[in-house]
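Single-letter residue listing:
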Amino acid sequence: TAGFDGRVGLWDLRSTDGRSPYLKLGWKAHEKEILSCVAWASKECVITAGNEGIIRLWKGPEELLGELAGHERAVTCMAMRGETLFSGSEDRTVRVWDTEKASSEGALLETLDGHESTVVGVWVMSSTGHLISVSTHDPTITGERQGKLILWDVQESEVIEGALSDEEKADLEEKIGRLKEGLESEKDEEKKAKIHEVLTGFETQLEESSKGEVSMQRLILDTFTHPEKFRSVTVREGDNQVLLGTAECSIVATRALPEDVWTESGLPPRQSNCPPSPALSDDDDEEDETNETGGIDDYGDIDAQFAAMGGRLETVSV
């Protein structure tokens, strides 16, 4: 575990002798708040990051294996797959790292641009390697809905011409116009600073596109937006379902992989003991014959248990 005090704690969760979980080791890992930590299982290490914007790899107290620097703001979330680390940040990017090269040249493999605001969650699907990242933002600044999910194919890259299409350019110019209007009318200095930052990013993108440069970027397979503010993400891979926790105390459920990608990946049929993923079928009225048992799985009726605790599950089709 890690916290706002900048400390990391390693806990013994075994109870073979009847003892409660207890803290085995603890140390100061960062001067500022830690916002995320993940395990690097193959190396028996822990990786930490937070408001300093620096990612650190630890073997234990005073055993710093290396650092990963590149984010311009706080690192808010991380996920591991093999030796590859994915980190999301307040700088609106997801960065891909080779942990074996920590503190050396070549550690940063890729910077993924696609979010207009803070990335609050990342998840790598263990079965396929697809990356899911989510963000939440203020629509008064970006003019868009509040929660956004992006599905990335981190196995593939596509060449994208720097020059925008006429439609893309018009959309970007419209956003810039709305932001300039908001900047003129906004009285709150902190809000004006946020609007100016987003505006500068859009103007830079428009300027660079006019150069017609060719760049490489990870392939975005799908996007999903929602009016509530996303705060966390997890995936029920057996049912191809993403669960998104929101600031409005809801859990939003939607499809993880498009049906064609699921099939092309050679994945087995979805488990019959999991509830259907509402966005998996393009036909909302189509019966899901593979999920006749409804929301009952090895843990019981999870949806009913969640509702009994006062929660609200919202299923969304896209």
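Residues numbered from 1 in each chain as written. Predicted model: local features only at pLDDT ≥ 70, side-chain atom pairs only at ≥ 80, totals over all residues. Heavy atoms only, no water.

1. Description of the overall build of the protein chain
Thought 1: Looking only at helices and strands, the protein chain features five helices and 20 strands.
Thought 2: Across the 318 residues in the protein chain, those meeting the buried criterion constitute 41%.
Thought 3: Across the protein chain, every contact between residues at least 6 apart in sequence was considered, and the portion connecting residues at least 24 apart equals 49%.
Thought 4: Just so you have it, the protein chain exposes about 17100 Å², and 48% of that area is on carbon and sulfur atoms. (Helix = DSSP H or I, 4+ residues; strand = E, 2+ residues; numbered from the N terminus. Buried < 20%, exposed > 50% of the residue type's maximum accessible area, 1.4 Å probe, protein only. Contact = heavy atoms within 4.5 Å. Areas by Shrake-Rupley, 256 points an atom, 1.4 Å probe, with all protein chains shown as cover.)

2. Details of the sheet that holds strand β6 (residues 63–69)
Thought 1: Here we have four strands laid out as an open sheet, ordered β3-β4-β5-β6, and antiparallel in their pairing. Only two strands of the sheet have a single partner each, and these edge strands are β3 (34–40) and β6. Here the average twist between neighbouring strands, direction ignored, is 20°.
Thought 2: Of the pairings in the sheet, the one linking strand β5 (residues 54–60) to β6 comprises six bridges and is antiparallel in character. When the bridges of β6 are listed, I54 appears paired with A69. (Pairing = 2+ DSSP bridges. Axes fitted to C-alpha atoms, helices over the stretch in contact; angles between N-to-C directions.)

3. Re the sheet that holds strand β9 (residues 93–98)
Thought 1: Reading across the sheet, the four strands line up as β7-β8-β9-β10 and stay open at both edges, with antiparallel pairing between neighbours. With one partner strand each, in any of the chains shown, β7 (75–81) and β10 (108–113) form the two edges of the open sheet. The mean inter-strand angle of the sheet, taken between neighbouring strand axes irrespective of direction, is 20°.
Thought 2: Pairing geometry for β7 and strand β8 (residues 84–89), over six bridges, is antiparallel. Residue pairing across strands places C77 opposite G88, the latter belonging to β8.

4. Some details on the confidence of the model for the protein chain
Thought 1: Averaged over all residues, the pLDDT of the protein chain equals 79, while 73% of them reach at least 70.
Thought 2: A low-confidence stretch, residues 212–217 (pLDDT under 50), is modelled with 22 contacts involving residues beyond four sequence positions or located in other chains. (pLDDT = per-residue confidence, 0-100.)

5. Here we look at the nonpolar core
Thought 1: If you look at the biggest cluster of nonpolar residues, it comprises 18 residues, and the most contacted ones within it are I132, V134, L149, V242, L244 and L257.
Thought 2: Elements that contribute at least two residues to this core include exactly β12 (131–136), β13 (147–161), β15 (230–236), β16 (241–246) and α4 (259–264).
Thought 3: Considering each element in turn, this core owes the most residues, three residues, to β15.
Thought 4: Not counting the four nearest positions on each side in its chain, V242 is found in contact with I132, L149, V233, T234, V235, V252, A253, T254, R255 and A256.
Thought 5: With 15 residues, the next largest nonpolar core counts I55, L68, M78 and A107 among its residues. (Core = buried A, V, L, I, M, F, W, Y, C linked by side-chain atoms within 4.5 Å.)

6. Structural notes on the packing of aromatic side chains
Thought 1: Applying the stated criterion across every chain, the model contains two aromatic pairs.
Thought 2: Centroid distance W27 to W58: 5.9 Å. Interplanar angle 55°. Geometry classified as tilted. Within this pair, whereas W27 is found in strand β2 (residues 22–28), its partner W58 is found in strand β5, the two being separated by 31 residues in sequence. Note on accessibility: W27 and W58 belong to one class, buried.
Thought 3: Each ring, one from F224 and one from F230, has its centre 6.4 Å from the other, and the planes form 15°; the classification is stacked.
Thought 4: Owing to a relative accessible area of 0%, F230 belongs among the buried residues under this scheme. (Phe/Tyr/Trp six-rings, centres within 6.5 Å; stacked < 30°, edge-to-face > 60°.)

7. Topic: a nonpolar patch on the surface
Thought 1: A cluster of nonpolar side chains, namely W11, L13 and L23, defines an oily patch on the protein surface of about 350 Å² accessible area.
Thought 2: Looking at L23, the relative accessible area reads 45%, which means it is partly exposed. (Patch = residues over 30% accessible without salt bridge, like charges linked within 9 Å, V, L, I, M, F, W, Y side chains within 5 Å. Salt bridge = Lys/Arg side-chain N within 4 Å of Asp/Glu carboxyl O.)

8. Side note on the pattern of salt bridges
Between side chains of opposite charge, a pair can form when the charged atoms approach closely.
Thought 1: All chains considered together, the criterion is met by 10 salt bridges.
Thought 2: Here D91 and R95 are joined by a salt bridge, their closest N and O atoms 3.5 Å apart. Of the two residues, D91 and R95, neither departs from the other in class, the shared state being buried.
Thought 3: The closest approach of N and O atoms between R255 and D222, which form a salt bridge, is 2.4 Å. Of this pair, R255 sits in strand β17 (residues 250–255) while D222 sits in strand β14 (residues 214–226), and the two are 33 residues apart along the sequence.
Thought 4: Exposure remark for D222: the relative accessible area of 21% places this residue in the partly exposed category.
Thought 5: If you follow the salt bridges from partner to partner, you end up with E52, R56 and E67 in one network.

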